[in-house]
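Here is how the chains run, residue by residue.
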Protein chains: 2
Amino acid sequence: MIKMITNKIRLAQGAGGLHTYKLINELFLKYFTNSILDQQLDAAIIPGFPGKWAFTTDSFVVQPLFFPGGNIGKLSVCGTINDLAVSGAKPLYLSCSFIIEEGFVVENLEIIVASMAETTKNAGVLIATGDTKVVEKGSCDGIFINTTGLGFLPAEKDYTPKHITSGDKIILTGIPGRHGLAILAARNKLEVSPPLVSDCACLHELLASLNHLDIHCMRDPTRGGLAITLNELALQSNLGFLIEETALPKDVRINSLAELLGLDPLYLANEGIAIIIISSQDASSAINVLQQHPLGQKAAIIGEIFEENPGQVLLSTNLGTKRFLKMTAGNLLPRIC
Amino acid sequence: MIKMITNKIRLAQGAGGLHTYKLINELFLKYFTNSILDQQLDAAIIPGFPGKWAFTTDSFVVQPLFFPGGNIGKLSVCGTINDLAVSGAKPLYLSCSFIIEEGFVVENLEIIVASMAETTKNAGVLIATGDTKVVEKGSCDGIFINTTGLGFLPAEKDYTPKHITSGDKIILTGIPGRHGLAILAARNKLEVSPPLVSDCACLHELLASLNHLDIHCMRDPTRGGLAITLNELALQSNLGFLIEETALPKDVRINSLAELLGLDPLYLANEGIAIIIISSQDASSAINVLQQHPLGQKAAIIGEIFEENPGQVLLSTNLGTKRFLKMTAGNLLPRIC
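Residues numbered from 1 in each chain as written. Chains lettered and ligands numbered in written order. Predicted model: local features only at pLDDT ≥ 70, side-chain atom pairs only at ≥ 80, totals over all residues. Heavy atoms only, no water.

### Some points on helix α8 (residues 283-291) of chain B
All names here are of chain B. Using the following cut-off: Throughout this description, buried means an accessible area under 20% of the type-specific maximum (1.4 Å probe, protein chains only), exposed means over 50%, and partly exposed covers the range between. Put simply, DSSP marks the helices as runs of H or I at least four residues long and the strands as runs of E at least two long, and each gets a number from the N terminus on. Working note: the arc is built from the helix axis to C-beta atom directions. Pairs of residues are marked as contacts when any of their non-hydrogen atoms sit within 4.5 Å.
Here α8 has its buried residues at Ala-283, Ala-286, Ile-287 and Leu-290. End-on, the buried residues of α8 take up no more than an arc of 100 degrees, which puts them together on one face. Turning to α8, the residues buried within the fold contact β7 (169-172), α5 (204-208), β10 (275-278) and β11 (300-306).

Rendered as structure tokens:
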């Protein structure tokens, strides 16, 4: 029961007085309660560790706020947890900061907050500190959420692109394009039945199951999709990436809808798959481990690293031809995350 | 020289492709460059410490974006550094995340980014990780900035309100109301000559100069001003706060302008002063130390903690009467930070 909050968010709830105090205590703390956050300090106090920390931030501006498979709240937790997970870190703490438009329906805010609470709880992550601002009607688009994450990184772990070497295998843990296409369908009210569901999920458990293997680098292909992320890795490692189109995990509905819309799933955003660059001898063990996890059932070796074509990504197509997957400057979808 | 960026921010610069890559490399990294950020990883890797960490987040939505004494960029750095500093921590790392409106003038973005770079450099703080989103024209109000900060907190330090005890003295390091009134004057184009300048400043150096003294708690009175922050501390410590109006640091221009506008400087936001709750025997030493620093010249003992009236703040007025400084539910100013 949220007795003292009216049905719509008011400017005074972001101004720092009694109404802000009540909003925090009666909505945010109700869902996010934990021993660190409950202290309500200007800065949360978290324990130190002798190893390293992974530290990452993302602001989420996705439209629509609610979509099949998730909402902006769940996405804001999964997105930041995944950035920590691909660094090899164990996600531990999140900050969350809300910018809310005056008039935003409190029930919708509660659904968003509840789903953030559920997602962090399932992930074993604490929301340690937060902030709320309210802006006038028309000054933001419903709600924007920033999450910033901290994860513990054992001293010896280093999954940065400098470890990528020629001969490494490229693994993709799932089907590319789901999130981007689900958002696009929801935004444009395309009648897809059953609805296309985003892959939005936390990957830390799946990726941690590979801890014993010789991983060289990991990355989650979000904005810009698989193609752009592979290009970034190729540039950062100064090596050539060769992708086998026939090896890519596929879903016939995604491919046909994307084709219909003139879109390439390889350039569409993902929120629940990872690219893993791994030593050749450990690649098939990794696939075996990944496929035992619900989020890794479609995992596949999709390509290999070469000395040739440094900084570029080459696609060996279904038709047997080869073409470069370009670092596009074209119209990628805005507000996908 | 920023050759490849056109004059106004475009949606594609937030979509994750080549234009985002260029914006990051040619604007953000130009100013923020450091060995951690330059790695451009999904999560920055920062060293661990055996002590504790202070962890804090704030989203800044101030209007106008530029005001006498600062801009949204400087404010976003000072605000988060101050939240770390009042926790007793040494500020070390910041994340920064931008939500930018399509069409935002790149030259203004550059001024904001340059002032963030200058402020962090002067403070000895590194911007370790960042994020940029661009939303359509009309979907946000120019630019919003989130900063999330990490500071090292020695194991023995604990400035939480539970340490406040009856008999403690209350110190204020400067004049209350400057930031709120400066923003209000700039927003409403009040012709104040010379312009009223915000107190926006980083307080970590000033506050660290008190490290050797018996500090019980510190807090920076931002949104809601001195009155609301004192009320929060009174509630959290379950003690009574008595403030002497005659002892408050004052500026005649601030007081007369506030009076003219029907505002109480004690409820106006500040971005460059701190409340320090300190043991009675160390209070005058603290004042001596504070007054030697440019940001602490007006520091004064403004009151004391009592067992009476727990959870409440009593003001002993200039006229010799007493009244409660209420935890107001009234119309505090929105978008002050």
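### Some points on the interface of chain A and chain B
The following threshold applies: Using a 1.4 Å probe, buried area is obtained as the accessible area two parts lose upon being combined, added over both of them. What counts as a salt bridge is simple: a side-chain nitrogen of Lys or Arg found within 4 Å of a carboxyl oxygen of Asp or Glu. Think of a polar contact as two N or O atoms within 3.5 Å of one another; within protein, one of them needs to be a possible hydrogen donor and the other a possible acceptor, and neighboring residues in sequence only count if both atoms come from side chains.
Facing 76 residues of chain A, the contacting portion of chain B comprises 76 residues. It is Asp-42, Phe-55 and Arg-223 of chain A that lose the most area in chain A upon contact with chain B, and together they represent 14% of the buried surface on that side. Linking chain A to chain B there are 8 salt bridges. With a shortest N-O distance of 3.1 Å, Lys-133 of chain A and Asp-58 of chain B are connected by a salt bridge. At the junction of chain A with chain B, the criterion picks out 32 residue pairs in polar contact (both at pLDDT 80 or more). Secondary-structure elements contributing two or more residues to the side of chain A that touches chain B are α1 (18-32), β1 (44-60), α2 (72-85), β4 (90-101), β5 (126-135), β6 (143-153) and α6 (225-237) of chain A.

### Some points on the sheet that holds strand β7 (residues 169-172) of chain A
Residues and elements named next belong to chain A. The test is simple: Two strands pair under a simple rule: DSSP has to find at least two bridges between them. Helix axes are fitted to C-alpha atoms over the stretch in contact, other axes to C-alpha atoms as well, and angles between N-to-C directions run from 0 to 180 degrees.
Here 7 strands make up an open sheet; going across it, the order is β8-β10-β7-β11-β9-β12-β13 and the pairing mixed. Two strands close off the open sheet at either side, each with one partner strand: β8 (215-219) and β13 (322-324). This sheet shows a mean twist of 25 degrees between the axes of neighbouring strands, independent of strand direction. Two strands pair when backbone bridges link them, and β7 and strand β10 (residues 275-278) are joined in this way by 4 bridges, in the antiparallel orientation.

### Structural notes on the side chain of Thr-229 of chain B
Mapped onto the elements of the fold, Thr-229 of chain B is located in helix α6 (residues 225-237). If we ignore the near neighbours within four places in the chain, the residues touching Thr-229 of chain B are Arg-219, Asp-220, Pro-221, Thr-222 and Ile-275 of chain B.

### Re helix α7 (residues 252-260) of chain A
Each α-helix turn comprises 3.6 residues. Residues three or four places apart therefore point the same way. All names here are of chain A. Along α7, the residues that are buried comprise Ile-254, Leu-257 and Ala-258. One face of α7 carries all of its buried residues, which in axial projection span an arc of 100 degrees. Seen from the buried face of α7, the exposed residues on the opposite side, beyond 90 degrees, are Val-252, Glu-259 and Leu-260. On its buried side, α7 packs onto α4 (178-187). A positive phi of about 70 degrees marks Gly-262, the residue just after α7.

### A word on the relation of the copies chain A and chain B
Between the two copies of the chain lies a relationship made up of a rotation around an axis and a movement along it. Test applied: Each copy is superposed on the other by least squares, with the fit set by C-alpha atoms of residues at a pLDDT of at least 70 in both.
The operation relating chain A to chain B is a screw motion whose rotation component is 180 degrees, with 0.0 Å of axial translation and a residual RMSD of 0.0 Å. Taken together, the rotation and translation describe the operation of a two-fold axis. No C-alpha of chain A lies nearer the rotation axis than that of Cys-140 of chain A, which sits 2.1 Å from it. Residue by residue, 100% of the interface of chain A is reproduced at the interface of chain B, so both copies engage with the same surface.

### Thoughts on the state of the cysteines
So the rule is basically this: Disulfides are defined as pairs of cysteine sulfur atoms found within 2.5 Å of each other.
For the structure shown, the criterion picks out 0 disulfides over all chains. Residue Cys-140 of chain A stays outside any disulfide, its sulfur separated by 8.2 Å from that of Cys-140 of chain B, the closest cysteine. Given a relative accessible area of 3%, Cys-140 of chain A falls into the buried group. Here Cys-78 of chain B stays free of any disulfide, with the sulfur of Cys-202 of chain B as its closest cysteine sulfur at 3.4 Å.

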